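# Structural features, examined
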Amino acid sequence: MTKKLQLIIKNAFYYANDTFLHGHILVDAGKIIALTHELPDLEAENVIDASKLHVLPGIVDSHVHFRDPGNPEREDFFTGSRAAVAGGVTTICEMPITRPPVYSTEILENRKILAAERCITDFAFYGAAGFENRHELQALTDSGVCAFKTFLHPAPKGREPEFTGLTVNDDGQLFMMMIEAAKTGTRYIFHCENYKLIEKMEEYLHETGCADYSFHYKSRPNIAETESVSTIIQFARATGCKVGIAHISAPEACALVRQAQLEGLDITAETCFHYLCFNEKHIDEMEPYAKCNPPLRSEENVKALWEYVKNGTISYIGSDHAPFIKEEKEIGKREGIWRAYSGMPSIECFLPLMLTQVNKGKLTLQQLCRLMSVNTCKLFGLYPQKACIATGSDADFTIVDLEKEYRLSVEKMFSKARECNRLFDQVACKGSVEYTIIRGRTVFSHGVVDDSAKGYGQYIARHT
Ligand SMILES: [Zn+2]
């Protein structure tokens, strides 16, 4: 008796070499073993007929917060990864902001164990690179962190334990850290907002009696982001540190990044889909449920940001999935928007909304594959193990139906924090996730998550 393959995806229209090809994909032991025009006379444990569908490389989310351990009431690796696969995500890159943040190899090892017990998706981790743990950067690099992340401000009041080892408090510390990070060759990613400027804007807005929801975006104007990006660029030039800007939202900041890229500086920029699909009016309607940092900006900004997606300045797109419990948002209604926690649980809406943009003609499906999978993996050293439909790569696929029209619905979502998911509820979409496949195993299909895949996920180290 001949051995059965693990999976055959037949009649696939699949992404390869930045185009779409037609054929059959053969998978065994978690790897792609062949791409063929003729369907061979072989059996498989699972056969998917992908006629009328598109087979994308598994979507890789460059920016997630799963809060595990520390705040499992908000989300954990199991619930977060259920939401991820429902949104077509096969690998997550987790930000180090949890309790404790990932600022040492010991913490990283514990995080890997925890994620390996609970996560459905494969996972990579950022390392925290605050001034307190400047001696850990090489060890974290050797353990395979995909990048470093830091905040350019002290820990927010009341959230100190979530920010240990994660912050640089002034330009002096920042400069020293960039010298240290440059020695490791690991990319150093920053949350860019000038917090001193924001603090003063908040004082001013309080004095002038601004108490409505516009307080949030008025207190964090574009210049707060642009000034901060400018500092990173100057310091990168001086230190040779490879840098990246997380969730860029201000077109003026993108212009600086573009100029630096043209000059030859190794700088990347991530944006998030909510900066491309929503604007500041949504915070007036959705109240704290549309509060995130940087804030949603004006419609003119949204239009300008798209230009930087189209011309390639934006390197990749993440979700910035940031789950909270309802009360952490509701407090902003009772006591002022400045009291609400910032962020949205968005991982399962991320791909559907970007597929919708493809259908609107805002970007091509090839661009989407680059921005939500290929570029991310190339920059984080996960390619070609991930994000590559070719023989020998991991058999990760996100199979989508570009024609399906529906509305996103909180009731069908998997995130533990779905109650906070107001911004995306009932948004009309065209383009749906039909199958999510990780290393040959179907973990989501037609609205159902395979919960027996809890603990299936594996750690993916950055190849240097
Ligand atoms: Zn974030």
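Scroll up a little and you will see the structure.
Throughout, residues of each chain are indexed from 1 in the direction in which the sequence is written. Selection of residues for local features in this predicted model requires a pLDDT of at least 70, selection of side-chain atom pairs for listing and counting requires 80 or more, and totals for whole chains, interfaces and linings are taken over all residues. Water and hydrogen atoms were dropped before computing side-chain values, which therefore reflect all heavy atoms in the structure.

Quick look at the overall build of the protein chain now. Working definition: helices are DSSP H or I runs of at least four residues, strands are E runs of at least two. Numbering for both runs from the N terminus. Of regular secondary structure, the protein chain possesses 14 helices and 17 strands. Along the first, second and third principal axes, the C-alpha set of the protein chain runs to 75 × 45 × 40 Å. By residue count, 62% of the 464 residues in the protein chain fall in the buried class. Contacts between residues were defined by any pair of non-hydrogen atoms, one from each residue, lying within 4.5 Å. Within the protein chain, counting contacts between residues at least 6 apart in sequence, those at least 24 apart form 75% of the total. Carbon and sulfur atoms provide 50% of the accessible area of the protein chain, an area that totals close to 17300 Å². As used throughout, the charge tally considers Lys and Arg to be positive and Asp and Glu to be negative, leaving His and the chain termini uncounted. All charge positions are set by atom: Lys at NZ, Arg at CZ, Asp at CG, Glu at CD. In the protein chain, the 51 positive side-chain charges and the 61 negative ones have mean positions that sit 1 Å from each other. Remark: exposure states derive from per-residue accessible area (1.4 Å probe, protein chains only) relative to the maximum for the residue type, with buried under 20%, exposed over 50%, and partly exposed in between. The Shrake-Rupley method, run with a 1.4 Å probe sphere, supplies the accessible areas, and residue values consider only the shown protein chains as cover.

Okay, the nonpolar core next. Side-chain atoms within 4.5 Å are what join buried Ala, Val, Leu, Ile, Met, Phe, Trp, Tyr and Cys residues into a set we call a nonpolar core. In terms of nonpolar packing, the biggest core is built from 129 residues, with Tyr188 and Leu368 touching the most fellow members. Among the elements that line this core, the one with the most residues is helix 13 (residues 347-359), at eight residues. For Tyr188, the contacting residues outside a window of four places in its chain are Ala129, Phe148, Lys149, Thr150, Val168, Met177, Met178, Ala181, Cys241, Lys242, Val243 and Gly244. Counting residues in hydrophobic clusters, the runner-up holds 18 residues, among them Tyr14, Ala50, Phe397 and Ile437.

Moving on to the pattern of salt bridges. When a carboxyl oxygen of Asp or Glu is within 4 Å of a side-chain nitrogen of Lys or Arg, the pair counts as a salt bridge. The final tally for this structure, using the stated rule, is 27 salt bridges. As a salt-bridge pair, Arg370 and Asp18 come within 2.6 Å of each other at their nearest N and O atoms. Pair noted here: Arg370 is in helix 14 (residues 365-379) and Asp18 is in the loop between strand 1 (5-16) and strand 2 (19-28), with a separation of 352 residues, a long-range link. What makes Arg370 partly exposed here is its relative accessible area of 28%. Given the relative accessible area of 35%, Asp18 is considered partly exposed. In this structure, Glu225 engages Arg297 in a salt bridge whose closest nitrogen and oxygen atoms are separated by 3.0 Å.

With that settled, the discussion passes to the sheet that holds strand 11 (residues 243-245). Spatial ordering of the open sheet is given by 6-7-8-9-10-11-12-13, a layout of eight strands whose pairing is parallel. Since the sheet does not close on itself, it has two edges, and those belong to strand 6 (59-64) and strand 13 (316-318), each with one partner. Taken pair by pair, the neighbouring strands of this sheet meet at an average axis angle of 30 degrees, ignoring direction. The pairing criterion is simple: DSSP has to find at least two bridges between the two strands. Strand direction decides the pairing type here: strand 8 (residues 122-128) and strand 9 (residues 147-151), joined by three bridges, are parallel. Across the sheet, Ala128 pairs through a bridge with Lys149, a residue of strand 9. Lines fitted to C-alpha atoms define the axes, with helix axes restricted to the stretch in contact, and inter-axis angles between N-to-C directions lie between 0 and 180 degrees. Each of strand 9, strand 10 (188-191) and strand 11 touches helix 4 (residues 171-184); the most contacted strand, strand 10, lies at about 150 degrees to it.

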